[in-house]
Amino acid sequence: MFLWGTATAAYQIEGAAAEDGRGVSVWDTFSHEPGRTRDGHTGDVACDHYHRWPEDLGLMSGLGVNAYRFSIAWPRVQPLGTGEVNAKGLDFYERLVDALLERGIQPVPTLFHWDLPQALEDRGGWLNREISEIFAEYASTVAERLADRVPLWITLNEPFVHMAYGYAMGVHAPGQALLTGALPAAHHQLLGHGLAVRALRAAGARQVAITNNCTPVWPASQEEPDLRAAEAYDILHNRLFNDPVLLGKYPDLSAYTPALDFLHDGDLEIISTPIDALGVNYYNPTRIAAPAADGLPFADAGITGHPTTAFGWPVVPDGLRELLTGLKTRYGSALPPIHITENGCSQEDTVTEHGTIEDEGRIAYLEAHIAAMRRAMAEGVDVRGYFVWSLLDNFEWAEGYHQRFGLVHVDFETQRRTPKASYSWLKAFLEGQNTDT
Ligand code: FCB
């Protein structure tokens, strides 16, 4: 069965930040620090999904999806990240999973979507190797409760973005700006992934995947410095996260780190523990030029000649086909089946005087990207699922509530949900689908 779904993440929608024993996460801390997020927005309330989840599941049933990718808030399950388990936290996710299954919607939980318990950040966060083992223990705690009902698990969401934005540039939690000094945070996340795959399987999990953010890299010119910079970017954004998982080795990192002293014997065997699927999040290609003088080995040259989203991200649907066929060329038989675990766009959606949201741009975006995915499938790439980011307008990290990605509009004053035109479009599209294709 091809999975057609929507995707969300705990910190972006749940709210109820201090309820039922939930611990503090790095995103609570970061978003409450002055100047970290646009207009000082926080996820304290977000979409109040923690209380309104039955309504949100109703919206998904109405849409006709057969899968839902959500994330589990680690600090809800283990307030201090390790040790004591908060029964109310696990109960919440169990109710959600059961209610999804009752509606014929496959639950696809992600175990880590960036909301590390603050108590673990206080021990060094993902720069500390111990966090990898602790993550696997948490994975096993959740799986012991839910593995009998969950068809597909995702360990991590976008370890690249978490490393780059959270530890290299400091624009996401935990707000560290270490540039290439952030590389251990990549390795420890990957090690945590591998250990979690093993822990999940031991607890009876059926299928396990990791979600990577992948981008086709376009050199700004065919001149040697631009080509070299593009290769560096491809290594740091794509290969650093796909090669160890799929091939059991790192690309050549000697230009970025003096020594791989964070890499211990046996780590790569753990990281490359076979997975059942690769989750791919696609938003746009990246055009790269020779470095500016900011300490990074590349510069973002920007893409012109394409429309852009409200975020300013270029809209290049064929980039999805290029990415998928490129993965197949690069990894060949080592590439497992793929799920597109996120794809979507932010728009400046406005509510008309009739109370509707006519987001024609989002409809065009989704239609073109689904078509591009199908071209890749026709070229032999094994894609098994497609998840729209996102079900609801939500807390878009450093951008707060300013970027709206939802199929459903949320009025953050009243929490009123209003399905947009794109929701009706997707509903009609799904009604026309044979779910096997
Ligand atoms: C991805 C994140 C997701 C959301 C989208 C727009 O990088 O995984 O949480 O913010 O971008």
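Residues numbered from 1 in each chain as written. Predicted model: local features only at pLDDT ≥ 70, side-chain atom pairs only at ≥ 80, totals over all residues. Heavy atoms only, no water.

A. Spotlight on the site of the ligand. With respect to spatial proximity, the complete set of residues near the ligand consists of Gln12, His113, Trp114, Asn157, Glu158, Tyr283, Glu342, Trp389, Glu396, Trp397 and Phe405. In the environment of the ligand, an oxygen atom lies 3.0 Å from a nitrogen or oxygen atom belonging to the side chain of Glu342. Calculation on the ligand without its partners gives an accessible area of 300 Å², and the protein chains cover 96% of this total. (Near = heavy atom within 4 Å. Polar contact = N/O pair within 3.5 Å; in protein donor to acceptor, adjacent residues only side chain to side chain. Areas by Shrake-Rupley, 256 points an atom, 1.4 Å probe, with all protein chains shown as cover.)

B. A look at the environment of Val171. Position of Val171 among the secondary structure elements: in the loop between helix H8 (159-168) and helix H9 (183-202). What makes Val171 partly exposed here is its relative accessible area of 37%. In sequence terms Val171 and Thr37 are 134 residues apart; their C-alpha atoms lie 8.5 Å from each other. (Helix = DSSP H or I, 4+ residues; strand = E, 2+ residues; numbered from the N terminus. Buried < 20%, exposed > 50% of the residue type's maximum accessible area, 1.4 Å probe, protein only.)

C. Representation of the sheet that holds strand E4 (residues 152-157) within the structure. Spatially, E1-E2-E3-E4-E5-E7-E10-E11 is the arrangement adopted by the eight strands of the closed barrel, whose pairing is parallel. For this sheet, the mean inter-axis angle between neighbouring strands, taken without regard to orientation, is 25°. As defined by bridge partners, strand E7 (residues 277-281) adjoins strand E10 (residues 338-342) across four bridges and the pair is classed as parallel. Counterpart to Asn281 in the pairing with E10 is Glu342. Contacts between helix H13 (residues 360-378) and the sheet are confined to strand E1 (3-7), E10 and strand E11 (383-389), with E11 contributing the most and set at about 165° to the helix. (Pairing = 2+ DSSP bridges. Axes fitted to C-alpha atoms, helices over the stretch in contact; angles between N-to-C directions. Contact = heavy atoms within 4.5 Å.)

D. Spatial organisation of H13. With 19 residues, H13 extends 27 Å between its outermost C-alpha atoms, agreeing within 8% with the 27 Å of an ideal straight helix rising 1.5 Å per residue. Taken together, the buried positions of H13 are Arg362, Ile363, Tyr365, Leu366, His369, Ile370, Ala372, Met373 and Ala376. The secondary structure elements touched by the buried residues of H13 are E1, helix H12 (318-331), E10, E11 and helix H14 (421-431). Positive backbone phi, approximately 100°, marks Gly380, located one or two places after H13. (Expected span 1.5 Å × (residues − 1).)

E. Highlighting the pairing of strand E12 (residues 408-411). Bridge analysis of E12 against strand E13 (residues 416-419) gives four bridges, and the strand direction is antiparallel. Pairing of His409 across the sheet is with Thr418, part of E13. Here E12 hands over to E13 after four residues, with Gln415 in that stretch at a positive phi of 65°.

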